[in-house]
Amino acid sequence: MAVCQLSAVAAATMVALVLAAAIATLTSVITAHEPVTPGKICKRKCVVGDTRTCYFHFNVHPYQTVSRACYGCPKNATDCGRPECIPGDGVKRRIVVINKQMPGPPIQVCLGDLIMVEVKNSLYEEGITMHWHGQTMRSIGSGDRGTPYMDGVPGLTQCPIGPGETFTYSFYATEPGTHFYHSHQGFERGDGVFGALIVRQPPSMDPNRGTYDFDLSQHVMMVTDWLHIPTQDKFVLRHYGGGSESPESLLVNGRGPYQHANDSSLAALVPYKRFKVSPGKRYRMRVINTAILSCPIVVSIDQHDLTVIASDGRPIVPRTAQSLVTYSGERWDVVVQAGSSSSGAFWMSFMGGVDCAESQAHQFALLQYVTRSSTVYDDTTLLSTMAPKPQFSDIPPPGVQVNSINSACYDDLICVSDLRSPYSLPAALRTPKPDFTIYLAFQVRGVNNDNFYSRIYYNYDLVDESQRVTTPQINNLSYVALSTPLILGGEAQEQICNVDVPPPGKNCAQDYCGCLHMYEIPLGSLVELVLIDEGQNGDDSHPVHLHGEYFYVLGQDRPNDVPEAEITRSQVIDMDLRGQLKRNFDHPVLKDTVAVPDGGYTIVRFIASNPGYWLLHCHILFHSVAGMEVVFKFGSDHDFPPVPPGFPSCGDYPKLL
């Protein structure tokens, strides 16, 4: 097994780290490590049989957009590309980043590589964990017991990395495709702790390899909504000061001018991100949505089609569209065919919906045609040669749209359940009756929540509607993590609840309920989840992410396809009993993140084959931190791989008196 080094760590230190992180489930595969060879890299052409150990060092610390490292940026656009300069949208604000980069350092490896990331927490007052979104934490060559303690969920799979502390994540790249990593602690993802995680595979393993000519690392697009204040401040102002839940801006790969800035403002001078192509060639472009609010983003390119070939790393039978909607946590791979023009540039539009539509948050990038003889233009000169910049719109562009916002599936609005995989659904998942069918209703409820206000002084039902603080929940339950991670023995049976086992003495349909929201599923069970958005208190379409497993998307619809549509969990169950929920067993797509339309439902299936504690949650950050989460325990304790020796522990302090 060849080894590549991506940071200046001495060979002896590297070997020590490998040995410290290796566990029983890995040692059968990693029997020896070659010395670190300077110059070898893991971003390479992937070949069958060539796997490597890829080491990264992340230093997470507080920082600022448009810092001193930016010199004359944005007035001098060249300075915006300086090392450690993070221009954002030109508005100064405090951020949290990795290695003074936003997005963080890209991880680009091959399928089967062992990824080792040393994360140092240089924050002053908060912990951090890192989640590897899209990687199911399975091991290679060691049964199928996985590495669940590397999933990066505080209170579930590990203790947070404290200020000044370092933790090394070690796991195999088992899931090919477009993924990303991000902090799973508090609000840090919204402040800049995220980056691309691209797992390529040998071309012979990609059924859509013939659809593109180039798959370039510089064609990864990380799109996010963006605030002008720290994310926790936004959350507090929302819940205690009646502040807006809308972002001010969008960013593409950490930059883009503030679209609402006055033309004379410095924020209007931030250069656009450019994606360069050669005339007549086909390019695979990878779009990653890292948004934190209810902000589905509509992607389109002037005078160009988008041929969708993958989602969440899994291949799709190519589907050509004029626009694509991406929800938080989703990844989409599209092929863009460059025309025969020898020069020029085209607008790449990113239009925010729902909460982003309220503030008209949007952004642009440039698809630039280049040849060997092309002149290098600054933004001002290049923009003068282009068509006028598109105006913000929350209306779907003309033509076919994939993954539309809050829509039933019809005509040119293509739902995820309408897409097809090149691979057939495994026979084990075709049975009419799964082992478990679980109906999960996502709703933003109007209920007295003592975590926000004491009902003695603030009664939800008695205050003005504009002052009501709603509570995101699943099945009228808020997930409350324990102080000791479950994987370290923190489980307390009496604290477990779900819709069938409510908290003692509580009427959760009328009152607030918080607990260890969890389902225990025997290993190997066929599980079907009917994800429901009841459509109460807003028009959010919840993007739901499952850790530890991928799922097949069998159905998706919005029965009452009208604005502010509502439906209840009991109505959906009744519809299902009457055979009114359609399921597609014909080559459904495989994903790990899917949107539930407002007032609608999405049906997914999977085999619970990966032992561990796995989180399912809404990927809207303000919803998940408030408790819109549920845990699935797949298997029994004896099915779990052993926790590595010396794995950090934490928990409540004992009473001393």
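Thresholds applied
Residue positions are given per chain, counted from 1 along the sequence in the order it is written. Restriction of local features to residues with pLDDT of at least 70 applies here, the model being predicted, together with a cutoff of 80 or more for giving and counting side-chain atom pairs; totals for whole chains, interfaces and linings are based on all residues. Side-chain metrics in this entry use all non-hydrogen atoms of the structure; hydrogen atoms and water are not considered. Each residue is placed in one exposure class: buried if its accessible area under a 1.4 Å probe, protein chains only, is under 20% of its type's maximum, exposed if it is over 50%, and partly exposed if it falls in between. The way it works is that DSSP assigns letters per residue, a run of H or I at least four long becomes a helix, a run of E at least two long becomes a strand, and they are numbered from the N terminus. Note: the arc covers the axis-to-C-beta directions of the helix. Contact between two residues is taken to exist if any of their heavy atoms lie within 4.5 Å; hydrogens are not considered. Both site types are read off a 1 Å grid over the protein atoms alone. A 1.4 Å probe that fits but cannot get out defines a cavity, while an open set with protein on both sides within 12 Å along at least five of seven lines defines a pocket; lining residues have an atom within 4 Å of a point. Grid points are joined across faces, edges and corners, and a volume is the space filled by probe spheres set on the points. All residues other than Ala, Val, Leu, Ile, Met, Phe, Trp, Tyr, Cys, Pro, Asp, Glu, Lys and Arg, Gly among them, are scored as polar; the first ten of these are nonpolar and the last four charged. Pairing of aromatic rings covers Phe, Tyr and the six-membered ring of Trp, with a centre-to-centre limit of 6.5 Å; geometry is then stacked below 30 degrees between planes, edge-to-face above 60, and tilted otherwise. In this scheme, Lys NZ or Arg CZ marks a charge over a ring once it lies within 6 Å of the ring centre and within 35 degrees of the ring normal. To form a nonpolar core, buried Ala, Val, Leu, Ile, Met, Phe, Trp, Tyr and Cys residues must be joined to one another through side-chain atoms within 4.5 Å. Note that a disulfide, as used here, is simply two cysteine sulfur atoms within 2.5 Å. Two strands make a pair as long as DSSP finds a minimum of two bridges between them. Axes here refer to lines fitted to C-alpha atoms; in helices the fit is confined to the stretch in contact. Angles between the N-to-C directions go from 0 to 180 degrees. Patch construction takes residues with relative accessible area above 30% that form no salt bridge. Like charges are linked within 9 Å, and nonpolar side chains (Val, Leu, Ile, Met, Phe, Trp, Tyr) are linked within 5 Å. To be clear on the numbers: accessible area is Shrake-Rupley with a 1.4 Å probe, and residue cover counts the displayed protein chains and nothing else. Salt bridge, as used here: a side-chain nitrogen of Lys or Arg that lies within 4 Å of a carboxyl oxygen of Asp or Glu. Charged residues are defined here as Lys and Arg on the positive side and Asp and Glu on the negative side; His and the ends of the chain fall outside this count. Just so you know, the charge point we use is NZ for Lys, CZ for Arg, CG for Asp and CD for Glu. Polar contacts here mean pairs of N or O atoms no more than 3.5 Å apart (in protein, one a potential hydrogen donor and the other a potential acceptor; neighbouring residues in sequence count only if both atoms are side-chain atoms).

**Student:** For this particular structure, what's the right way to read helix α4 (residues 231-240)?
**Tutor:** Because an α-helix packs 3.6 residues into every turn, residues spaced three or four apart end up facing the same way. Among all positions in α4, only T231, K234, F235 and H239 are buried. Looking straight down α4, one finds its buried side chains confined to an arc of 120°; they lie on one side. If you follow the buried residues of α4, they end up packed against α3 (188-191) and α8 (621-624). Residue G242 follows α4 closely and has a positive phi angle near 70°.

**Student:** Got a minute to help me understand empty space enclosed by the protein in this structure?
**Tutor:** Once rolled over the atoms, a probe with the size of a water molecule shows which space is left empty. The tally for this structure, following the rule as stated, stands at 6 cavities of 30 Å³ or more. Each pocket or cavity is described by its volume, and for the largest cavity that value is around 80 Å³. Lining the largest cavity, in full, are Y327, N403, S404, N406, S407, C415, V416, S541, Q556, A595, V596 and P597. For the lining of the largest cavity, a count of residues per class yields 6 nonpolar, 6 polar and no charged. Lining the second largest cavity, in full, are V447, N448, N449, D450, F452, Y453, R455, Y458, Y460, V469 and T471. Within the lining of the second largest cavity, the residues separate by chemical class into 6 nonpolar, 3 polar and 2 charged.

**Student:** Any chance you could explain the packing of aromatic side chains here in plain terms?
**Tutor:** The relation between two aromatic rings is expressed through the spacing of the ring centres and the mutual angle of the planes. Scanning the model with the defined rule gives 20 aromatic pairs in all. Look at F167 and Y169: their rings are 4.7 Å apart centre to centre, the planes differ by 75°, and that puts the pair in the edge-to-face class. A relative accessible area of 9% places F167 in the buried class. Their ring planes at 85° and their centres at 6.2 Å tell us that F187 and F622 sit as a pair that is edge-to-face. With F187 in the loop between β8 (177-183) and α3 and F622 in helix α8, this pair connects stretches of sequence that are 435 residues apart. Assessed through its relative accessible area of 12%, F187 is described here as buried. Here the aromatic cluster, defined as three or more aromatic residues joined through ring pairs, consists of F58, W132, Y149, F167, Y169, F171, Y181 and F647. Here the basic side chain of R93 rests over the ring of W226, its NZ or CZ set 4.5 Å away from the ring centre. The ring of Y550 carries R314 above its face, with NZ or CZ at 4.3 Å from the centroid.

**Student:** What is the right way to look at the nonpolar core in this model?
**Tutor:** A general tendency of soluble globular proteins is for nonpolar side chains to be buried together. Grouped together as the largest cluster of nonpolar side chains are 105 residues, with contacts concentrated most on M130, W132 and F632. Of the residues forming this core, the biggest block, 5 residues, is contributed by strand β34 (residues 612-618). When neighbours within four sequence positions are excluded, F632 is seen to be in contact with I438, L440, Y519, I521, L529, L546, G612, Y613, W614 and L616. In terms of nonpolar packing, the next biggest core, distinct from the first, is built from 17 residues, A441, V572, L590 and Y601 among them.

**Student:** What's the story with the state of the cysteines in this structure? I'm lost.
**Tutor:** Simply put, disulfide is the name for a covalent bond between the sulfur atoms of two cysteines. One pass over the full model with this rule turns up 9 disulfides. The disulfide that involves C159 links it to C650, with 2.1 Å between the sulfurs. Looking along the S-S bond of the C159-C650 disulfide, the torsion reads about -95°, which is the left-handed sense. In this pair, C159 is assigned in the loop between β6 (130-133) and β7 (166-172) and C650 in the segment after β35 (629-634), connecting sequence segments 491 residues apart. Using a relative accessible area of 7% as the deciding quantity, one classes C159 as buried. Paired through a disulfide, C409 and C415 show a sulfur-sulfur distance of 2.0 Å. Judged by the sign of its S-S torsion, about -95°, the bond between C409 and C415 is left-handed. For C415, a relative accessible area of 8% corresponds to the buried category. C618 forms no disulfide, and the closest cysteine sulfur to it belongs to C295, at a distance of 13 Å. For C618, a relative accessible area of 0% translates into the label buried.

**Student:** Looking at this structure, how should I read the sheet that holds strand β24 (residues 471-474)?
**Tutor:** Within a sheet, each strand pairs with its neighbour through backbone hydrogen bonds, oriented either parallel or antiparallel. Here we have 6 strands laid out as an open sheet, ordered β24-β23-β28-β33-β30-β31, and mixed in their pairing. Looking at which strands have only one partner, the edges of the open sheet turn out to be β24 and β31 (590-591). Pairing between strand β30 (residues 551-557) and β31: 2 bridges, direction antiparallel. Opposite Y552, over in β31, you have L590 as the bridge partner. Docked against the sheet, helix α7 (residues 569-577) engages β23 (436-445) and β28 (526-533), running at close to 150° with respect to β23.

**Student:** How do you make sense of a negative patch on the surface when you look at a structure like this?
**Tutor:** Negative charge collects at one region of the surface, where E358, D539, E564 and E566 lie side by side. Along the chain, the position of E358 falls in helix α5 (residues 355-358).

**Student:** It is not clear to me how the side chain of Q158 should be interpreted in this structure. Could you clarify?
**Tutor:** With respect to the secondary-structure elements, Q158 resides in the loop between β6 and β7. Residue class for Q158 comes out buried when judged on its relative accessible area of 2%. For Q158, the side chain forms a polar contact with the side chain of Y169, separated by 2.6 Å. Ignoring sequence-local partners within four residues, the contact set of Q158 consists of T129, Y149, G152, V153, F167, Y169, P485 and F647.

**Student:** Explanation requested: unusual backbone geometry in the structure shown.
**Tutor:** A negative phi holds for most residues other than glycine; trans holds for most peptide bonds. The linkage connecting C73 with the following residue, P74, adopts the cis geometry, with an omega of 5°. Residue position: P74 is located in the loop between β2 (52-64) and β3 (94-98). At the junction of M102 and P103, the peptide bond is cis and its omega measures out at -5° in the coordinates. Its identity as a non-glycine residue notwithstanding, D411 has a phi of 50°, on the positive side. One can find D411 in the loop between β21 (401-402) and β22 (413-414). Phi is positive for N475, which is not a glycine, with a value near 55°. As for its position among the elements, N475 is in the loop between β24 and β25 (478-479).

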